[in-house]
Amino acid sequence: MDLNKWIWLFVVLFSLTIQQCVADDDDEGDEDGGSQDSVAPEEENGVLVLTDDNFDDAIKDQNVVLLEFYAPWCGHCKAFAAEYEKIAQTLKKDGIPVAKVDATQHKSVAGKYDVTGYPTIVILKNGEPIKYDGQRTEDAIIQRVKELSDPNWKPPPEAVITLTDSNFNEVVDNANIILVEFYAPWCGHCKKLAPEYEAAAQELKKADPPIPLAKVDATAETEVAKRFDISGYPTMKLFRKGQVYEYKGGRDKHGIVTYMQEQSSPPSVALADLKSTKNLLHQADDITIIGFFTGEDDSRLMVFQEAANNIREDFKFRHSFDESIADHLGTESGNVVVVHAERFHSKYEKSRNIFKVTDETKASDIEAFINEKSLPLVGQRNGANARKRYTKRPLVVVYYAVDFGFDYRKNTQIWREKVLEVANEMKDVTFAIASEDEFNDELQKAGLGDSSEDINVIAFDKEEKRYPMEPTDEFDSEVLSEFVTSFLAGDIKPKYKSAPAPKKNTGPVKVVVANNFDKIVMDESKDVLIEFYAPWCGHCKKLAPEYKKLGKKLKDNNDVVIAKMDAVANDVPHSKYKVEGFPTIYWAPKNSKDSPVKYEGGRELDDMLEYINKHATKTKDEL
């Protein structure tokens, strides 16, 4: 090979080597710099697919972003998908990004925006979230997004009124109705409520007349907070001309708006005439409360309306100045009449009860009368009234296919007549009928969920223990009477929902179920520390290893038992052990099982050991 060829070959090989080095450098640059240049999000039919990894880069420096949080299995999300894609195609022409996040997979982003339902639509304005709660239509959403994309757009002035110790009385005492939130600046629940509360205030400001919402920093305005015994945050109270009422509405925009609109309506509605009153009474499925007065300026009407405001969530109130209506009901001006629904009339009781209102009558007197007379001898217990009206014990509930429709009314009343016979003889017991379908869970807990009987009966005592009636060939008043008599005599054992007791309960922490609760927890010879937990509870899971260490530490102690109970799978047989959150821990000392002490101490091993050392009836030299 001549010299020229050698030179040519050398040049070619050298060039290839240089190119490979450059390529290697480029590859290394891609590898090292991959974290610097984020991968652009995928796009599905015009909608950007955002994740925990690419979210921040995708929204950075964007004036407005339309964002949907969805769940793949959500029916509402699936139905909305096509509409959302059309919105994306339209807004894309204006350079406005439209994106979506699978909230079930990318929980970091979903948590940042407090996503609790699907779909949740948020509009980001310079990175700040504005929750969209309008109609889920193309026109409505596009209009709102374009409104926010205007560079001159500014949020509306805050609608929530700020109250202080100095202006509280002036504002609240002069308001026909006002809702006041007592909050603490550091409170997480208060921060979560704040945007919903402001959105509700903006909505209610448009009402006719406007319904004001206000807030008080209870940590700074201590005088007014102390006056209303504010001990937790947020606490919401409703006021009418300075008179305080319990707030029973929701804590989202819709719940607050709906509740306050209902509360702003008159507490009592005037009856039009005798004909409409007769129709009202004939169609009623609950009690009808009517106050009769001389006119709008009757002072007794004011007292009646005050009572109505206090219990308006439980009952509906009417009033009249018409003598013909009063005559029809056998009463006169100055009286309040409680009329039971026609379906609950019986030969054993009055169909209506009358209360005389005088100048000395207080609203609480009227409320007490209505509460006392609200139940017929055998009424219908349902989901709406079970916890409000059917609170007196002992209670006997007869479950069957209750239906007051035209085709089934006769059969419903035949069974009710049998209950009435017994109720008339046992006036100290509250009796009710109930739909078996509505209270299937209650029947399940009493072991009657798979019952093939047409009629099932459960008795409840003061501790809310359930006593089911054994199946019988034929239900009649005599059978019911015998069951109730045996129940009152203590001859029937209660029934609990209980998980199976473990065959070997030899672990450091004893497993308690409803059926072995008395054997373990109520053992008078042992001090017992018992934890009530829920399998899904994060705080319970965090406590579990420390609680197990405690059990191991005290395993050889014959005087102290460490126990736990799944309070979801089991009923708690004794009412003194109230479980209102998880975990709940009680200390049940020897010879004082009916007076357990709720453990409020630390949840580390040393904290619990210290508590037991201090409170144990009898301990070893070293626990």
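Residues numbered from 1 in each chain as written. Predicted model: local features only at pLDDT ≥ 70, side-chain atom pairs only at ≥ 80, totals over all residues. Heavy atoms only, no water.

Colleague: Help me understand the layout of surface pockets, please; the structure alone is not making it clear to me.
Modeller: Unoccupied space between atoms shows up once a probe the size of one water molecule is rolled over them. Empty space within the second largest pocket amounts to approximately 1,200 Å³. Around the second largest pocket, the lining comprises 33 residues; the ones closest to its centre are Arg387, Lys445, Glu463, Glu464 and Arg466. The leading source of residues in the lining of the second largest pocket is helix H15 (residues 440-445), at four residues. Split by residue class, the lining of the second largest pocket holds 12 nonpolar, five polar and 16 charged. (1 Å grid on protein atoms, 1.4 Å probe; cavity = no way out; pocket = protein on both sides within 12 Å on 5 of 7 lines; lining within 4 Å. Points joined across faces, edges and corners; volume = space filled by probe spheres on them. Helix = DSSP H or I, 4+ residues; strand = E, 2+ residues; numbered from the N terminus. Nonpolar A, V, L, I, M, F, W, Y, C, P; charged D, E, K, R; others polar.)

Colleague: Explain the nonpolar core to me, please; I cannot follow it from the model alone.
Modeller: The tendency in soluble globular proteins is for nonpolar side chains to be buried side by side. Grouped together as the largest cluster of nonpolar side chains are 28 residues, with contacts concentrated most on Phe431, Val457 and Leu480. Of all the secondary structure elements, the ones that give two or more residues to this core are strand E18 (395-400), helix H14 (409-425), strand E19 (430-435), strand E20 (456-460) and helix H16 (477-489). The contact partners of Phe431, leaving out residues within four places of it in the chain, are Leu377, Val378, Gly379, Tyr390, Val396, Val419, Val422, Ala423, Met426, Leu480 and Val484. (Core = buried A, V, L, I, M, F, W, Y, C linked by side-chain atoms within 4.5 Å. Buried < 20%, exposed > 50% of the residue type's maximum accessible area, 1.4 Å probe, protein only. Contact = heavy atoms within 4.5 Å.)

Colleague: Please explain empty space enclosed by the protein as it appears in this structure.
Modeller: A full pass over the atoms with the stated rule returns one cavity of 30 Å³ or more. A volume near 40 Å³ is recorded for the largest cavity. Along its surface, the largest cavity is lined by Glu453, Ile455, Asn456, Val457, Met469, Glu470, Pro471 and Thr472. Per-class residue counts for the lining of the largest cavity are four nonpolar, two polar and two charged.

Colleague: When you look at the sheet that holds strand E13 (residues 288-292) in this model, what are you seeing that I'm missing?
Modeller: Two strands in a sheet stick together by hydrogen bonds in their backbones, pointing the same way (parallel) or opposite ways (antiparallel). A sheet is described by the order of its strands in space; here five strands give the open sequence E12-E14-E13-E15-E16, paired in mixed fashion. Sheet topology places strand E12 (268-270) and strand E16 (352-356) at the edges, where each strand pairs with a single neighbour. Neighbour-to-neighbour, the strand axes of the sheet open up by a mean angle of 25°, direction not taken into account. The pairing of E13 with strand E14 (residues 317-320) spans four bridges and is parallel. Considered in E14, the bridge of Gly291 is made with His319. Contacts between helix H11 (residues 299-310) and the sheet are confined to E12, E13, E14 and strand E15 (335-339), with E14 contributing the most and set at about 170° to the helix. Contacts from helix H13 (residues 363-373) reach E13, E14, E15 and E16, with the element oriented near 165° to E16. (Pairing = 2+ DSSP bridges. Axes fitted to C-alpha atoms, helices over the stretch in contact; angles between N-to-C directions.)

The values reported here are purely geometric and, on their own, carry no functional implication.
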